[in-house]
Amino acid sequence: MSSTSAPVVEHGMLTLGRQLGQGGQGTVHQVTNKKINKAVGGGWGVAYKEYSPAVLPELDAAALAAQVDLPRTLSAEEGRWLCDKTAWPAAVVQRNGRTCGLLMRLVPDQFQFTFRSLAGTSGGTRRLANLEYLLNTDTYVAGIGLNISERDRVMLLADLAATLKRLHRIGITVGDLSPKNLLFTTDPEPECFLIDCDAMRLQGITTLPQAETPDWQIPAGEEKATRSSDVYKFALLAIRLFAHDQTATDSATLTTLSPKLADLARASLSQDPARRPTPTAWAEQLTAIVPVASAAPAATQRRRGGSPVASSASNSSVTPPPGNAAPGGGQPRQMSGGQIAALIAGLIAVVLVLGNVSSGSDSSSTADAYTPSQTEAFDADMRTYEPYEPPGGDSDASGVTAGEEETETPSATPDPVGDAEIGSCFYDVGTRTEVDLVATDCTTGAFEVVDIRYGTTDLGRCADVTDSDRSVSSFRHDLVLCLSYLNPGGDAYHAEQGDCVYGPNGPGIWRTVPCETGNFTVLAVYGGDDASNCDGWPRYNLWKPFLGPNNADLDRVLCLSMNYPDDMGYAEVRQCLLKRGSGDTATFTNTGSCSTSNVVVTGRTSDYGATAFCRGDGWSTWRSSEYPELAYTVCYRWR
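Residues numbered from 1 in each chain as written. Predicted model: local features only at pLDDT ≥ 70, side-chain atom pairs only at ≥ 80, totals over all residues. Heavy atoms only, no water.

Engineer: Tell me about the pairing of strand β3 (residues 26-36), and please be specific about residues and values.
Structural biologist: Counting buried positions along β3 gives 11 out of 11 residues, so the element sits mostly inside the fold. Across 4 bridges, strand β2 (residues 16-22) lies against β3 in antiparallel orientation. Within β3, the position partnered with Leu16 by the bridge is Val31. Connecting β2 to the next strand, β3, in antiparallel fashion are 3 residues. Taken together, the 7 bridges between β3 and strand β4 (residues 44-51) define a ladder with antiparallel strand orientation. Looking at β4, one finds that Gln30 is bridged to Ala47. (Buried < 20%, exposed > 50% of the residue type's maximum accessible area, 1.4 Å probe, protein only. Helix = DSSP H or I, 4+ residues; strand = E, 2+ residues; numbered from the N terminus. Pairing = 2+ DSSP bridges.)

So this is what it looks like as structure tokens:
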């Protein structure tokens with residue numbers, strides 16, 4: 001992995017405060033003279049993780065730099081999401097030009113809770129809300145001060161499944177997916193937060209060799225930190241979260257909650273990684289049962305003074321998580337629309353990557369929430385700090401109908417709309433209803449001008465322009481810009497019904513391609529992200545989602561059909577086909593009538609090369625190396 005343009009900080013420029021944690025990989029300290037993401041309420045507190053000398057020889061500095069640089073390569077919306085859901089590395093720290101650690105954001109307040117002693121001997125201490133606390137009895141959970149319902153647990157898992165789905169799409173696999181690396185909150189809604197992200201795998205590369213938490217290992221010999229291994233460990237988490245047990249492995253535990261969830265867990269624990277379902281399947285099933293899950297918290301009783309305690313204070317069977325978790329400081333994550341706009345325009349998610357969480361790599365120590373005495377932003381050479389202000393302060397594309405004031409712009413000031421040409425590109429840093437264009441290079445996440453309609457301000461004039469996603473009018477210049485979104489997922493984002501597309505089975509770029517065996521035909525295109533719209537289309541077997549730009553209703557779902565070699569690919573049992581040729585050159589055609597056919601289908605399986613399945617009948621088999629789940633073996637007899 002080659003070097004990137006990731007932000008770098010010299011260790012000598014850091015003023016370190018108290019130690020927050022220490023583990024096998026190194027130590028974590030507060031940083032008292034830096035702030036991350038100054039655009040949000042004065043900025044977030046910062047933590048520094050220093051790798052221990054023992055692990056430095058194994059450290060892949062280029063891989064760490066690529067992690068830090070990742071949000072800059074994503075769309076603004078995707079970069080902000082990544083930093084909202086994970087403690088993604090924010091900057092590389094070096095000593096004399098050699099990487100020694102990283103910077104990250106302190107843990108947000110909502111992912112902490114007030115821990116109570118079961119004996120009731122203390123007023124409570126602030127700790128990280130580590131998901132490991134929930135893998136215990138209701139008695140223990142309620143006794144330490146957590147108010148958790150069955151529905152909360154379902155929604156936490158659904159949020160984590162959706163998070164894994166999106167991480168996998170970006171090219172990130174968690175690897176060491178275990179409760180020690182997961183935080184949670186239930187206010188205002190249940191959601192998870194992933195920490196220790198420098199241990200994750202990005203595009204198959206890791207900063208340090210992959211490690212696993214005891215009792216959370218994948219089957220021996222299996223490759224670590226893959227999409228399939230994440231699903232395996234997710235299934236363990238689901239089972240243990242509802243078994244209220246740290247080591248349970250029986251998928252039947254989920255049957256009472258939902259038989260379909262139990263089936264998913266059983267499949268997810270398959271010894272064959274290729275047979276495991278996806279996080280999408282988990283997210284769909286979990287979301288479906290949220291309405292029927294109980295919203296009642298674990299049973300509690302009241303002390304004489306009125307504070308809730310567990311019905312029993314005994315914890316003899318409990319395996320609590322380490323009691324030295326370190327809370328972080330920082331500001332609430334809520335951002336105003338103007339702050340988000342400034343943030344995105346200046347950095348296009350580079351600042352956002354710096355808005356993350358801190359935690360010890362392997363464990364942490366208790367510390368009070370901290371407010372730095374200084375509020376210095378990152379230095380200018382890091383390109384990560386001040387909110388961006390568009391030049392001239394008089395953008396001509398401030399609204400969808402651009403009713404801007406007739407103020408005069410100095411001739412030296414760039415005019416994004418007046419100077420636009422076909423092929424010009426912009427970021428839209430406005431809101432869903434108010435456009436605000438900032439000129440940029442033509443890169444993913446930007447809008448490209450694909451046509452300009454002069455002598456009009458009618459936004460509808462772009463309706464017949466190929467690949468036009470947004471239209472922006474200017475009264476001053478009496479024109480309309482027709483804009484096309486450069487989707488990070490590839491130009492298949494603009495595919496239409498009947499087009500053929502192809503891309504990897506997982507994260508990566510999808511392209512519009514000539515139709516041929518092994519790629520996909522687009523059956524339909526829907527706005528939004530609801531895959532259920534594809535149900536019912538003949539020959540539908542895959543859906544491909546594309547996220548649109550931030551603050552725009554431009555998410556899309558493609559309903560796809562695999563282009564099999566011939567009609568045998570979609571043949572059903574008892575269907576008649578016309579066979580021509582023999583051996584490898586044989587073809588099968590659906591003529592629509594048994595009277596014009598010469599074979600009848602007697603069996604079908606999704607296994608490749610399953611000739612024994614056909615019990616002596618003729619057979620035809622095919623598979624795609626990229627999409628083995630769409631393979632088939634079809635059996636037939638002569639009529």
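Engineer: I'd like to hear about the packing of aromatic side chains, residue by residue, with values.
Structural biologist: Taken as a whole and assessed by the stated rule, the structure comprises 18 aromatic pairs. Ring geometry for Trp510 against Phe520: centres 5.9 Å apart, planes inclined by 35 degrees, an arrangement best described as tilted. Of this pair, Trp510 sits in the loop between β21 (500-502) and β22 (511-513) while Phe520 sits in strand β23 (residues 520-527); the two residues are 10 residues apart in sequence, bridging distant segments of the chain. One exposure class covers both Trp510 and Phe520, and it is buried. Chaining the aromatic ring pairs together yields one cluster made of Phe447, Tyr485, Tyr493 and Phe546. In this arrangement the basic side chain of Arg127 is found over the ring face of Phe115, its NZ or CZ atom lying 3.7 Å from the centre. Above the plane of the ring of Phe546 lies Lys544, whose end atom (NZ or CZ) is 5.5 Å from the centre. (Phe/Tyr/Trp six-rings, centres within 6.5 Å; stacked < 30°, edge-to-face > 60°. Lys NZ or Arg CZ within 6 Å of the ring centre and 35° of its normal.)

Engineer: Go over the nonpolar core with me, naming the residues and quoting the values.
Structural biologist: By size, the foremost hydrophobic cluster in this structure holds 70 residues, and its most contacted members are Leu134, Leu146, Ile172, Phe234, Leu254, Trp282 and Leu286. With 10 residues, helix α5 (residues 227-243) is the largest single contributor of residues to this core. Grouped together as the second largest cluster of nonpolar side chains are 41 residues, Ile452, Leu554, Leu558 and Tyr564 included. (Core = buried A, V, L, I, M, F, W, Y, C linked by side-chain atoms within 4.5 Å.)

Engineer: Break down the sheet that holds strand β18 (residues 447-454) for me, with residues and values.
Structural biologist: The pairing of strands in a sheet comes from backbone hydrogen bonds and takes either a parallel or an antiparallel form. A sheet is described by the order of its strands in space; here 5 strands give the open sequence β17-β16-β18-β20-β19, paired in antiparallel fashion. Of all strands in the sheet, those bounded by a partner on one side alone are β17 (437-440) and β19 (470-474). Averaged over all adjacent pairs, the angle separating strand axes in this sheet is 40 degrees, with direction ignored. Of the pairings in the sheet, the one linking β18 to strand β20 (residues 479-485) comprises 7 bridges and is antiparallel in character. In the strand pairing of β20, Tyr454 is matched with Leu479. (Axes fitted to C-alpha atoms, helices over the stretch in contact; angles between N-to-C directions.)

Engineer: Summarise the pattern of salt bridges; cite the residues concerned and give the values.
Structural biologist: For the structure on display, the rule yields 21 salt bridges. For Glu222, the salt bridge goes to Arg276, with nearest N and O atoms at 2.7 Å. With Glu222 in the loop between β13 (205-206) and α5 and Arg276 in the loop between α6 (259-268) and α7 (279-289), the pair connects residues that are 54 residues apart, well separated along the chain. Using a relative accessible area of 14% as the deciding quantity, one classes Glu222 as buried. Three or more residues are tied together by salt bridges with common partners; here these are Glu77, Glu78 and Arg166. (Salt bridge = Lys/Arg side-chain N within 4 Å of Asp/Glu carboxyl O.)

Engineer: Please set out the sheet that holds strand β30 (residues 632-638) residue by residue, giving values where relevant.
Structural biologist: Taken in spatial order, the 5 strands make up an open sheet running β27-β26-β28-β30-β29, and their pairing is antiparallel. The open sheet has two edge strands, β27 (587-589) and β29 (618-622), and neither has a second partner. In this sheet, neighbouring strand axes are inclined to one another by 40 degrees on average, regardless of whether the strands run parallel or antiparallel. Relative to β30, β29 runs antiparallel, the two sharing 5 bridges.

Engineer: Tell me what's going on with the state of the cysteines, and back it up with residues and numbers.
Structural biologist: Applying the stated criterion to the full structure yields 6 disulfides. Here Cys425 pairs with Cys442 through a disulfide, and the sulfurs are 2.0 Å apart. Of note, the bridge from Cys425 to Cys442 carries an S-S torsion of about 100 degrees and is right-handed in sense. Here Cys425, found in strand β16 (residues 425-428), pairs with Cys442, found in the loop between β17 and β18; they are 17 residues apart in sequence, far enough to count as distant. The class for Cys425 is buried, based on a relative accessible area of 4%. Linked covalently through their sulfurs, Cys614 and Cys635 form a disulfide whose S-S length is 2.0 Å. For the disulfide bridge between Cys614 and Cys635, the dihedral angle about the S-S bond is near -80 degrees, and by the sign convention the bridge is left-handed. Linking Cys614 in the loop between β28 (599-605) and β29 with Cys635 in strand β30, this pair joins segments that are 21 residues apart in sequence. Owing to a relative accessible area of 4%, Cys614 belongs among the buried residues under this scheme. (Disulfide = S-S within 2.5 Å.)

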